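Architecture and fold: a report
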Amino acid sequence: SQTIHQWPATLVQPVGSPLSLECTVEGTSNPNLYWYRQAAGRGLQLLFYSVGIGQISSEVPQNLSASRPQDRQFILSSKKLLLSDSGFYLCASERDGAGAFFGQGTRLTVV
Amino acid sequence: QKEVEQNSGPLSVPEGAIASLNCTYSDRGSQSFFWYRQYSGKSPELIMFIYSNGDKEDGRFTAQLNKASQYVSLLIRDSQPSDSATYLCAVNMLRTGANNLFFGTGTRLTVIP
């Protein structure tokens, strides 16, 4: 079965600082990878998805970017964080349409 | 129209009762449907998936799908206090060659002992 590792679990960053969140996947190969954001009390918003190395698609225009340097590594970045970037960031892995499995998430607070 | 819609609740049921959670979706071409459970402060966990019209049972959980009505539901029988969580409906929508999972905002369920 798949295991999705995300770190850190919590992060407090000042406005204007950079961000890098990393996600790695074990137990599968060639997965589709996703970054979601969940604002407090809200649903999951799809930010980026990737079907392979170097292939990134963005669902919404925003202050964030994503990269996939290796098959099972997915990185979410920002050059300058905004207050509105606060939220619960979730990495997910999916293969063969069998449903996505999530990492533990990173709770980001921008102050 | 939102791509996946759920009643946000909260839905309260007594212990031992049946909890019924509903979800509608906008994309008629969607083929795969999922229910996730999310405890407060935790990440979602997959509990059921359904691909075909009709019912699918797994223990105390039954997923129901009606593609003609673009409707999917989750029934939880013999509800337990440990079932108290937010339940997210997710629909797999084909976008530019990739399967993208879109989520509803979730229904918060409270099971009262």
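Our structure's up above, just so we're on the same page.
Just so you know, the residues in each chain are numbered from 1, in the order the chain's sequence is written. Here the convention is simple: chains get letters from A, ligands get numbers from 1, in the order in which they are written. Residues qualify for local features only when their pLDDT is at least 70, as the model is predicted, and side-chain atom pairs are given and counted only at 80 or more; totals for whole chains, interfaces and linings, by contrast, use all residues. The basis for the side-chain values is all heavy atoms of the structure; hydrogens and waters are excluded.

**Some words on the pairing of strand β2 (residues 10–13) of chain A**
Residue and element names in this part refer to chain A. Heads up, the rule is: Under the scheme applied here, a residue whose accessible area is under 20% of the maximum for its type counts as buried, over 50% as exposed, and between as partly exposed, the area being computed with a 1.4 Å probe on protein chains only. Numbering of helices and strands runs from the N terminus, with a helix taken as a DSSP run of H or I at least four residues long and a strand as a DSSP run of E at least two residues long. Here the rule is simple: two strands pair whenever DSSP picks up at least two bridges between them.
Residues Leu-11 and Gln-13 of β2 are buried on one face, while the alternating residues Thr-10 and Val-12, pointing to the opposite face, are not. As defined by bridge partners, β2 adjoins strand β11 (residues 106–110) across four bridges and the pair is classed as parallel. Considered in β11, the bridge of Thr-10 is made with Arg-107.

**A few points about the sheet that holds strand β8 (residues 73–78) of chain A**
Residues and elements named next belong to chain A. Convention followed: Angles run from 0 to 180 degrees between N-to-C directions of axes, and those axes are lines fitted to C-alpha atoms, restricted for helices to the stretch in contact.
Pairing within the open sheet is antiparallel, and its four strands lie in the order β1-β3-β8-β7. Both outer strands of the open sheet, β1 (3–7) and β7 (65–70), are each paired with one neighbouring strand and no more. Here the strands of the sheet are splayed against their neighbours by 20° on average, with no regard to which way each runs. Note: β7 against β8, four bridges, orientation antiparallel. Directly across from Ser-67, in β8, lies its bridge partner Ile-75.

**As for the sheet that holds strand β3 (residues 19–25) of chain B**
Residue and element names in this part refer to chain B. The five strands lie next to each other as β1-β3-β8-β7-β6, forming an open sheet whose pairing is antiparallel. Looking at which strands have only one partner, the edges of the open sheet turn out to be β1 (4–6) and β6 (54–58). Taking the axes of each pair of neighbouring strands and ignoring which way they run, one obtains an average angle of 20° across the sheet. In the sheet, strand β7 (residues 61–66) pairs with strand β8 (residues 71–76) via six bridges, with the strands oriented antiparallel. Paired with Thr-62 across the strands is Leu-75, a residue of β8.

Treat this as a map of the structure, not an account of what it does.
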